[in-house]
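Tertiary structure, described
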Amino acid sequence: MENISRTKIVDLLKRTDFGAMVNVKGWVRTRRGSKQVNFVALNDGSTINNVQIVVDVANFDEEMLKLITTGACLSVNGELVESVGSGQAAEIQAREIEVLGTCDNTYPLQKKGHSMEFLREIAHLRPRTNTFGAVYRIRHNMAMAIHNFFHQKGFFYFNAPIITASDCEGAGQMFQVTTMNLYDLKKDENGSIIYDDDFFGKQASLTVSGQLEGELAATALGAIYTFGPTFRAENSNTPRHLAEFWMVEPEVAFADLAELMNLEEEFIKFCVNWALEHCKDDLEFLNKMVDKGLIERLQSVVKADFVRLPYTEGIKILEEAIAKGRKFEFPVYWGCDLASEHERFLVEEHFQKPVIMTDYPKEIKAFYMKQNEDGKTVQGTDVLFPQIGEIIGGSVREESYDKLMTRIKELDIPMKDMWWYLDTRKYGTCPHAGFGLGFERLLLFVTGMTNIRDVIPFPRTPRNAEF
Ligand code: 4AD
Ligand code: MG
């Protein structure tokens, strides 16, 4: 075969230099046609769009043509021609075809229209479908949006450790990391495991959040963000929970509650806008095939002013709705942790806009949140989104050493692993605030997919770690 340098299909479809000789490589999506002429739709992952290869049957070896089946990998040399019927501006009149990889009829992606459940069982092949190709390209673009947003605002990308000895959220949902022989554990006279001989010489786990290390960095570099995998051993089998998910956690010195909320709102709008600008073809596909209201919803969020709602007022609205006959599965009272049905009522029915809820009862929030004067509430914020519920959790941090210590003691948080965190309050403490955005929750919103297992390549959930 003549050696012509490869053009990615995304670039090829924009070309208008008809008559040029080109090479494309990719996987066959479909093949149709007559005895005289075949049309092969080829995709190389660079775009949702296929390029149409026109094959004059008489010019090619019969045995080779038999190998052009759905899923096969081809290299094609041919002439770039203006297309009349393929839905694209350009197509390729094939001159030479090499089958790089054959694909027999055991290939599970023969036909279109597989269920999401089935595709989860073949997560190693699902990136080759239109839907998952679109989702993973958008996932990449959202990561770029995140880095761009913070870089342009002068935040530094800071890497928190994945293995840690502290439980940031204090919720005890950590996966333990050990090299000890689990069949032969050394224990003391009380039956407690002795960790001296474990790899780290102490009990260690996978991080649930990079926040504590992020706070150290913010009180030195001013403004930082972390972006990495986090792990939660919570046994929640829901369409919004993963055991391994990615979190973006900015932390800003000298920011107060209003500045925190502004940052949350500006950040999400930037990301959604980025998707609208950079992922047009993929969004149009998802809008057509997955969720007809998707693009409109994305546009409306970019335009909306997010509602800022103290928890106490939110409870009042919910109680009024209940008095008028609205039914919820879980009870509503001051002090309750809102369920996703309550959050979605506020966002989707009552305000019909994203809501930033603030000033939660301290009992339902983490130890590090700044306490209000009332002694009952803390300066925590949750950003609540249509379809998703909570997409961001954040807060102003308690900067007073004494108040923080009192809270740590009240909640019985193991102090010996926290000494380094408390040093931020001991040495030049400062007001600061930050938040965590669940990357896959953002992707659920941006793609219109309904199950979080379908916006991460290899989902980790209770009783599932295949692939
Ligand atoms: O509200 P969370 O637990 O807050 C924190 O971890 C703080 N330390 C963040 C901070 O202030 N720096 O989690 C933050 C976000 C949630 O709003 C949600 O979007 C996502 O992380 N999240 C999950 N996403 C997928 N699966 C799970 N199991 C998640 N748990 C939280
Ligand atoms: Mg939360």
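Read on for a plain summary of the structure. Quantities reported herein were computed from a predicted structural model and do not represent experimental measurements.

We now examine helix 11 (residues 401–410). Residues of helix 11 that are buried: Leu404, Met405, Arg407 and Ile408. For helix 11, the buried positions fall inside an angular range of 165° around the axis, keeping them on one side. In helix 11, the exposed positions angled more than 90 degrees off the buried face are occupied by Asp402 and Lys409. Just downstream of helix 11, Asp412 is the residue with a positive phi angle, here 60°.

The biggest cluster of nonpolar side chains holds 92 residues, and the ones touching the most others in it are Ile53, Met142, Phe267 and Leu283. Excluding residues that lie within four positions of it along the chain, Met142 makes contacts with Cys271, Trp274, Ala275, Phe439, Leu442, Leu443 and Val446. Judged by nonpolar contacts, the second largest core, of 18 residues, contains Cys336, Leu338, Leu346 and Val355.

Here helix 8 (residues 294–303) crosses helix 13 (residues 439–447) at 120°, and the two axes come no closer than 8 Å. What the angle tells us is that helix 8 and helix 13 run oblique. For the pair helix 8 and helix 13, the contacting residues are Leu294, Arg297, Leu298 and Val301 in the first and Phe445, Val446 and Thr447 in the second. Of the residues belonging to the contact of helix 8 with helix 13, the class tally is five nonpolar, one polar and one charged.

Here eight strands make up an open sheet; going across it, the order is 6-10-11-16-15-14-13-12 and the pairing mixed. At either margin of the open sheet sits one strand with a lone partner, and together these are strand 6 (156–157) and strand 12 (307–310). Packing against the sheet, helix 9 (residues 311–323) makes contact with strand 12 and strand 13 (355–361), and its axis sits at approximately 90° to strand 12.

Our next topic: the site of ligand 1. As a structural note, the neighbourhood of ligand 1 is formed by 25 residues, with Glu169, Gln211, Arg232, Glu249 and Glu390 the closest of them. A distance of 2.6 Å separates a nitrogen atom of ligand 1 from a polar atom in the side chain of Glu169. For ligand 1, an oxygen atom lies 2.6 Å from a polar atom in the side chain of Glu390. Out of a free accessible area of 630 Å², ligand 1 has 93% covered by protein chains. At five residues, strand 15 (residues 389–396) tops the list of elements feeding residues into the shell around ligand 1. Taken together, the residues that form the shell around ligand 1 break down as nine nonpolar, eight polar and eight charged.

A few words on the sheet that holds strand 9 (residues 204–206). Whenever strands of a sheet pair, they do so through backbone hydrogen bonds, lying parallel or antiparallel. If you trace the three strands from one edge of the open sheet to the other, you get 7-9-8, paired in antiparallel fashion. Edge positions in the open sheet fall to strand 7 (163–164) and strand 8 (176–177), since each of these has one partner strand only. When strand 8 meets strand 9, the two strands line up antiparallel, connected through two bridges. Bridge pairing links Val177 to Ala204 in strand 9.

Going residue by residue along strand 12, you find Val307 and Leu309 tucked away on one face and Arg308 and Pro310 left uncovered on the opposite face. Alignment of strand 12 against strand 13, held across four bridges, turns out to be parallel. Of the residues in strand 13, the one forming a bridge with Arg308 is Ile356.

Conventions adopted
Residues numbered from 1 in each chain as written. Chains lettered and ligands numbered in written order. Predicted model: local features only at pLDDT ≥ 70, side-chain atom pairs only at ≥ 80, totals over all residues. Heavy atoms only, no water. Buried < 20%, exposed > 50% of the residue type's maximum accessible area, 1.4 Å probe, protein only. Helix = DSSP H or I, 4+ residues; strand = E, 2+ residues; numbered from the N terminus. Arc of directions from axis to C-beta. Core = buried A, V, L, I, M, F, W, Y, C linked by side-chain atoms within 4.5 Å. Contact = heavy atoms within 4.5 Å. Axes fitted to C-alpha atoms, helices over the stretch in contact; angles between N-to-C directions. Parallel < 35°, antiparallel > 145°, perpendicular 65-115°, else oblique. Nonpolar A, V, L, I, M, F, W, Y, C, P; charged D, E, K, R; others polar. Pairing = 2+ DSSP bridges. Near = heavy atom within 4 Å. Polar contact = N/O pair within 3.5 Å; in protein donor to acceptor, adjacent residues only side chain to side chain. Areas by Shrake-Rupley, 256 points an atom, 1.4 Å probe, with all protein chains shown as cover.

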